[in-house]
Structures are given as structure tokens and as C-alpha cells.
Amino acid sequence: SFRYALFSDVGLEVKNNNKVEGDVFANESIVMQQNSQVRGSVISATGTIDMANGARIRRNDDGSGGNAYSGGYHLTQGWGIRLAPNTNQTIIEGSAYAQAEACPGAPADNDRYKIQNAGRIMGTAVARGSINGTVDGGQTPYNCQLRHPTESLPEFHYDPNNYPGIIEHQSVAAFHAWLNANRHAMNGYHRVNGASNDVIAIANVTMTSNFTLITSSLIDFGNNVKYCGSPDGRVEIVSLNASVSPPAVDIMNNFQMNTSPGCPSGSPAVLVYSHGAIRVKNNLESSGAVFAGAISIMNNFDIAYDPRVERTVGFGPVRYERVGWEELRPAPRPS
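Scope of this entry: the structure provided in the associated data block.

Cut-off values and rules
Residues numbered from 1 in each chain as written. Predicted model: local features only at pLDDT ≥ 70, side-chain atom pairs only at ≥ 80, totals over all residues. Heavy atoms only, no water. Helix = DSSP H or I, 4+ residues; strand = E, 2+ residues; numbered from the N terminus. Rg over C-alpha atoms; globule rule 2.2 N^0.38 Å. Buried < 20%, exposed > 50% of the residue type's maximum accessible area, 1.4 Å probe, protein only. Areas by Shrake-Rupley, 256 points an atom, 1.4 Å probe, with all protein chains shown as cover. Lys, Arg positive; Asp, Glu negative; His and termini not counted. Charge placed at Lys NZ, Arg CZ, Asp CG, Glu CD. Pairing = 2+ DSSP bridges. Phe/Tyr/Trp six-rings, centres within 6.5 Å; stacked < 30°, edge-to-face > 60°. Arc of directions from axis to C-beta. Contact = heavy atoms within 4.5 Å.

## Topic: the overall build of the chain
Regarding its fold elements, the chain presents one helix and 30 strands. Taking 2.2 N^0.38 as the reference for a compact globule, 335 residues should give roughly 20 Å; the C-alpha atoms of the chain span a radius of gyration of 22 Å, in line with that estimate. Over its C-alpha atoms, taken along the principal directions, the chain stretches across nearly 60 × 60 × 40 Å. The burial tally for the chain puts 48% of its 335 residues in the buried class. Per element, the accessible surface of the chain, about 15400 Å² overall, is 47% carbon and sulfur. Of the side-chain charges in the chain, 25 are positive and 29 negative, and the distance between the mean point of each set is 4 Å.

What follows is the structure in C-alpha cells.
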């Protein structure tokens, strides 16, 4: 169900020295600014990709990825992909594709779906409209390619049988009482049945093993949330709240899910999922994925995609069940 490091059902903003390892997808426009980097490909299904102030889309170590794909155009200026002029050069290490809604489209599309390039594209550039600027690998303007299809957030289906020993908290206050008693040893599976405008406040805590939180209330991660447990652990934050303002999940100030001093080396697989908006700000480190209705990320956010989140229980169109056993006859080991 989870194939991207970042997924937004609408638009996505990544600003101020953020590093993402893995592909990024948004159904609408993507903004990258102030030295933010993505090591992987960046896809906007129906919107634009706007890069400025040293933003960079990088190739993977094996040479794959590093591409930009847009599927819409700026309403007044017509570009699908823009590498804005600034003192810190903006770079796409792979190729750039300003794709279109329909091919061949209308004659007016010659002035739309453009690549407006004041940075550098190290691969090739292909656009339904015009292309300018530095393109190392050659350019093909006025070439129509269909844009990527839109995608939906994976559906979540709650089944208590997926979570052995899950604690059902009947209010946010009940969860806060549990939290205060377990602030330095958070673990286990928790479902909080609060109101949609209630706020679950989590700060100055340590997760010591697998931790899952499922709720329709707002979630506010404040200062100093860290993980200190086995590196094969999992942390799953599932918000079924559709709020955009305030964000359904607000993460601020030192959310450290990677190795902390004095803790076992290695990182848990972390999935943060919300029907609404997720806002991340100030010094986050994690391995996993962030999937939301909308995403805004600022100030030293580092995330590396972890394939362990691909098949998180409760998500996806198919639920697997054990329906039978077959006993196999022992056989000698092949020589």
C-alpha cells in the first residue's frame, strides 16, 4: 500500500534544508525550496513542480531516479516545471517531463506545460510546450506525453484482531492518563476514541518498542519525542481526522525516530498516515513514509523510505486470511 517516502492527496511543500530518500508523489502541485533535496523521483499528477533556492532532485546511488514529472501548468505563466533563478543553482540530476492532460491537446497548449529552466537539468527534458535553459542531455519541446494518473490514499480498515492486546481508550483524557504513567516506556497498540476536535498531546516521551496509535482526534507531537528500542520495531501513527487547519497531525521540534545516543543502533519503520493535513517542522529524523491528505514540511526534516511499511496491517484493498494448511512430505536436501 505504501510505495513513496512522501504522498499527498493534494499538494506538497518541502522547504528549508530537508532531505528525502525515496520517491515523492502528490496529486496536485509540489514546491521545493531552500536547499531541500529528494533522492528519488518527484511526481505531480495534475499540478506543477516549482523548485527554487538550491532545491535538488537527486539520482540514487545506482543511477536510477532523479526525475521530475509534472501534469499541469501554471495558470498565468504556463510552465509545468520551473527551476527558478536564484544564487544557489537549482538542479534536476535526472530528466524532466512536463506532461499534459490530453494528447495532442489544444493548439494553445504550445504555450502551456512548459519547462522554465533557470537552473540545470542533467538528463533530458521533454515538454508539451517550450523548454529553455541548460539541459545536459538534450531537449524535446512540443512533444506530448500523458501525465501520471492520480492516486488515492490507501484505505484503512480497523480490525482489533490485527493488534494483539490493543488498549481501547474511551477518551483523550484516558489516553493522557496512560501516557503520563508510561512517558519513558511507550509501547503497545492504542486506539483513542476522542472527539474530532480533541487534541492528543504527546511530548517529552520515549518509545521503547512497537507503538501504534489509531484515532480520529487531532494529534500534536510537541518537543522531544524519540525512539529507543529494537531496530526491527515499528511505529504507526494512524489519524482518521480530515482536518487541514489545524493540521490533523502536527509534529514539531526533535521528533527523533532514528538512532539516539545510548539506544540500540538502527531505526524502526515509521508510518505516519492521515486523512487530513500533516505539518512537520524543526528537526525530524525518521525511516519510513508519510502519507496524508496534504503535507507541509519545514526545517531540517530527514526521512528515508523504508520498504517495511509497504504491507502495514489494516491497509490495502485485500485482507489476507489463513484458510487452510497443507502438510508437505519431507524430502532430502538437494546436493
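## Description of the pairing of strand E2 (residues 12-15)
Judged from the four bridges that link them, E2 and strand E29 (residues 284-298) form a sheet pairing that is parallel. Of the residues in E29, the one forming a bridge with Leu12 is Ile295. When E2 meets strand E5 (residues 30-33), the two strands line up parallel, connected through four bridges. Note on E5: the bridge partner recorded for Val14 is Met32.

## Concerning unusual backbone geometry
For the peptide bond that leads from Cys103 to Pro104, omega is 5°, which places it in the cis range. Among the secondary structure elements, Pro104 is positioned in the loop between strand E13 (96-98) and strand E14 (114-117). Omega for the peptide link from Ser245 to Pro246 comes to 5°, which places this bond in the cis form. In this structure, Pro246 sits in the loop between strand E25 (234-239) and strand E26 (249-252). The phi dihedral of Tyr142 falls on the positive side, at around 55°, and the residue is not glycine. Along the chain, Tyr142 falls in the loop between strand E18 (139-140) and strand E19 (167-169). According to the relative accessible area criterion, Tyr142 is partly exposed, its value standing at 47%.

## Side note on the packing of aromatic side chains
For the structure shown, the criterion picks out 15 aromatic pairs. Centre to centre, the rings of Tyr73 and Tyr113 are 5.0 Å apart; their planes meet at 75°, and the pair counts as edge-to-face. Residue Tyr73 is found in the loop between strand E10 (68-70) and strand E11 (79-83), and its partner Tyr113 is found in the loop between E13 and E14; the two are separated by 40 residues along the sequence. A residue is classified by how much of its surface remains accessible, and Tyr73, at 26% relative accessible area, is partly exposed. Among the residues examined, Tyr113 registers a relative accessible area of 5% and is labelled buried. Connected via pairs of aromatic rings, a cluster forms that spans Phe2, Tyr4, Phe7, Phe25, Phe156, Tyr273, Phe291 and Phe315.

## A short note on helix H1 (residues 172-181)
Here H1 has its buried residues at Val172, Phe175, Trp178 and Leu179. The buried residues of H1 occupy one face: seen down the axis, they fall within an arc of 120°. Exposed positions of H1 whose direction lies more than 90 degrees from the buried face are Ala173, Asn180 and Ala181. On the buried face of H1, the contacting elements are E19, strand E20 (186-192), strand E21 (199-202) and strand E22 (205-215).

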